[in-house]
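Each chain, written out:
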Amino acid sequence: MRPLVPRPLTGEAFAPYGEVLAVPQTVGVRTSFNTVLANLRPDVPACLSLILAAPVPQPVGIEVIERHVFTSQSIVPMAPARWVIVVAPGTAGDGPDLAAAEAFLPAPGQGITLAPGTWHAPLTVLDAPAPFAFLMWRNHATDDEEIIAIPPMAVAV
């Protein structure tokens, strides 16, 4: 499989997978991001998590992919950080289409919301530890998250 070369994260390019979150560039302007936010299980509570994510070894290799069938997942860097998001569309057989996987390199001030059911690699931070916030709905049941092993996939960063 060819190495994935990340491209800049734009709303148009990322639209099949979710929504790009970006800090407004005008003081006092508030932007709401609720196009993709979703909780498909109304009895499950919202969960806000914070993590100081460790950088991955380079060259970057992705060996697992995951999805959250019932919830969107927002990933927001809390400080300047270089990170990459790897996503893949689903197949008719309900698995990830790894041949169509894409990688995006967010710019400073950008985060994402993954639509429910979107296949994605775990948080992949480059260079140095970085703080992130995650927002999703979860009750820690076995159906909250599906993680599968994949043949190693290289990301050229």
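All values derive from a computational prediction rather than experimental measurement.

Attention shifts here to the overall build of the protein. Counting its secondary structure elements, the protein contains 1 helix and 12 strands. For the protein, the N- to C-terminal ordering of α and β elements is β-α-β-β-β-β-β-β-β-β-β-β-β. Computed over the C-alpha atoms, the radius of gyration of the protein is 15 Å, within 12% of the 15 Å expected from 2.2 N^0.38 for a compact globule of 157 residues. With the principal axes as the frame, the protein shows a C-alpha extent of 45 × 35 × 30 Å. Within the protein, buried positions represent 41% of all 157 residues. Long-range contacts, defined here as pairs at least 24 residues apart, represent 85% of the contacts in the protein between residues at least 6 apart.

What follows covers the sheet that holds strand β2 (residues 18-22). Spatial strand order, β2-β8-β5-β11-β3: 5 strands in an open sheet with antiparallel pairing. What marks the edges here is a single partner per strand, and that holds for β2 and β3 (46-53). Neighbour-to-neighbour, the strand axes of this sheet turn through a mean angle of 20°, independent of strand direction. The pairing of strand β5 (residues 73-77) with strand β11 (residues 130-137) spans 5 bridges and is antiparallel. What sits directly across from I75, in β11, is F134.

Next up on the list: the side chain of T124. Mapped onto the secondary structure, T124 falls in strand β10 (residues 124-126). For T124, the side chain forms a polar contact with the main-chain oxygen of P122, separated by 2.8 Å. In contact with T124, not counting residues within four places along its chain, are V56, V60, I62, W83 and V84.

As a further point, take the nonpolar core. It is characteristic of soluble globular proteins that their nonpolar side chains tend to be buried jointly. Counting residues in hydrophobic clusters, the biggest one holds 17 residues, and the most contacted among them are F14, I75, I85, V87, F104, I112 and F132. Broken down by secondary-structure element, the contributors of at least two residues to this core are α1 (11-14), β6 (82-88), β8 (110-114) and β11. Residues within four places of F132 in sequence aside, it is in contact with S49, L50, I51, A53, I75, V76, P77, M78, A81, W83, L123 and V125. If you look at the next biggest cluster of nonpolar residues, it comprises 16 residues, including I65, A101, A103 and V155.

Our next topic: the pairing of β6. The element β6 is largely enclosed, with a buried count of 6 among its 7 residues. The sheet contact formed by β6 and β10 spans 3 bridges and is antiparallel. Paired with W83 across the two strands is V125, which belongs to β10. Pairing of β6 with strand β7 (residues 102-105) involves 3 bridges; the strand directions are antiparallel. Opposite V86, over in β7, you have A103 as the bridge partner.

Thresholds, definitions, all that
- Residues numbered from 1 in each chain as written.
- Predicted model: local features only at pLDDT ≥ 70, side-chain atom pairs only at ≥ 80, totals over all residues.
- Heavy atoms only, no water.
- Helix = DSSP H or I, 4+ residues; strand = E, 2+ residues; numbered from the N terminus.
- Rg over C-alpha atoms; globule rule 2.2 N^0.38 Å.
- Buried < 20%, exposed > 50% of the residue type's maximum accessible area, 1.4 Å probe, protein only.
- Contact = heavy atoms within 4.5 Å.
- Pairing = 2+ DSSP bridges.
- Axes fitted to C-alpha atoms, helices over the stretch in contact; angles between N-to-C directions.
- Polar contact = N/O pair within 3.5 Å; in protein donor to acceptor, adjacent residues only side chain to side chain.
- Core = buried A, V, L, I, M, F, W, Y, C linked by side-chain atoms within 4.5 Å.

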